[in-house]
Amino acid sequence: MAETRARIRVVNPNSNEAVTRGIDEALEFLRFADGPEIVCSTLEQGPFGMETQADVDSVTIPLRRLVESDNQSDAFVIACYSDPGLHLCREGTIRPVFGIAECGVLTALARAERFGVIAIRRRSIGRHRRYLRQMGLLDRLAGERPLEMSVAESAGSGTLERLVGVGRELQQCDGADAIILGCAGMARHRRALEATLGLPVIDPTQAAVSMALGAVQLARISV
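Residues numbered from 1 in each chain as written. Predicted model: local features only at pLDDT ≥ 70, side-chain atom pairs only at ≥ 80, totals over all residues. Heavy atoms only, no water.

## Digging into the pairing of strand 1 (residues 7-12)
Thinking step 1. The buried count for strand 1 comes to five of six residues, which makes it a mostly enclosed element.
Thinking step 2. Note that the unit made of strand 1, helix 1 (residues 17-26) and strand 2 (residues 37-42) has a crossover that is right-handed.
Thinking step 3. By the bridge criterion, four bridges tie strand 1 to strand 3 (residues 75-78) in an arrangement that is parallel. Note on strand 3: the bridge partner recorded for valine 11 is isoleucine 78. (Buried < 20%, exposed > 50% of the residue type's maximum accessible area, 1.4 Å probe, protein only. Helix = DSSP H or I, 4+ residues; strand = E, 2+ residues; numbered from the N terminus. Right-handed = clockwise from strand over helix to strand, strands pointing away. Pairing = 2+ DSSP bridges.)

## Describing the pattern of salt bridges
Thinking step 1. In the structure shown here, the tally under the stated rule is 15 salt bridges.
Thinking step 2. In this structure, the salt-bridge partner of arginine 140 is glutamate 113, at a minimum N-O distance of 3.9 Å. Here the residue arginine 140 occupies a position in the loop between helix 6 (122-135) and strand 6 (141-146), and glutamate 113 occupies one in the loop between helix 5 (100-111) and strand 5 (115-119), the gap between them amounting to 27 residues.
Thinking step 3. The closest approach of N and O atoms between glutamate 148 and arginine 122, which form a salt bridge, is 3.9 Å. Residue glutamate 148 is found in the loop between strand 6 and helix 7 (151-154), and its partner arginine 122 is found in helix 6; the two are separated by 26 residues along the sequence.
Thinking step 4. Accessibility expressed as a relative area gives 40% for glutamate 148, which makes it partly exposed.
Thinking step 5. The class of arginine 122 is exposed, set by a relative accessible area of 55%.
Thinking step 6. It is possible to trace a salt-bridge network through shared partners that takes in Glu51, Arg121, Arg122, Arg123 and Glu148. (Salt bridge = Lys/Arg side-chain N within 4 Å of Asp/Glu carboxyl O.)

## Some details on the sheet that holds strand 3
Thinking step 1. Ordered by their spatial adjacency, four strands build an open sheet running 2-1-3-4, and the pairing between neighbours is parallel. Whereas interior strands pair on both sides, the edge strands pair on one side only; in this sheet they are strand 2 and strand 4 (97-99). The mean angle between the axes of side-by-side strands here comes to 20°, regardless of whether they run parallel or antiparallel.
Thinking step 2. Strands strand 1 and strand 2 of the sheet are contacted by helix 1, whose axis makes an angle of about 165° with strand 2.
Thinking step 3. Across the sheet, helix 10 (residues 204-219) touches strand 1, strand 2, strand 3 and strand 4, and the angle it forms with strand 1 is around 155°. (Axes fitted to C-alpha atoms, helices over the stretch in contact; angles between N-to-C directions. Contact = heavy atoms within 4.5 Å.)

## Overview of helix 3 (residues 60-69)
Note: α-helices contain 3.6 residues per turn, so residues at a spacing of three or four share the same orientation.
Thinking step 1. Those residues of helix 3 that sit buried are Thr60, Pro62, Leu63, Arg64, Leu66 and Val67.
Thinking step 2. On the buried face of helix 3, the contacting elements are strand 1, helix 2 (53-58), strand 3 and helix 4 (86-91).

Written out as structure tokens, the structure is:
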């Protein structure tokens, strides 16, 4: 009997389908023959953009219910840089659940001494810094600067120029050796931004799915 193909489910907690499509496109190079299926889905109950603590808190229970009810996926990725409901979802399943902020930061630590983060709005920065403080990694943060754009705007084609400007400030003024994109909607701009800045630029969703791929593949090995 043929082995069932493994599946990684990537959940966009906001209800913006354009963001989900951008995430899906950014993950295309991680799909390979005989590898786990990578399925991107949108949380219909979520706000149109995850921009406040209230937005983050509003999706934690829906995400937990989604993870508990999905018996087909081998791993989950929560594709929001605030990692909403991450620990709650981990309590609801024995399968691995990855948060993109946690994975993005861990990837940055492997690439650079100090990293910078590009946030969508200034009001997101305090939430992100609290998370880094909880992780015990605030001293590795060179700085975080905002685009002052909505989640929907950050996924658009006119965003790259603004990303370059903020990225140069993090690089030249704050001393960042690597840049993390602090919103899943920025995924499509990673490559161009890295080429322009000349330093590692980490899309946290790609980082999280890469870790999920490793976990799923290793779980299938017979020793």
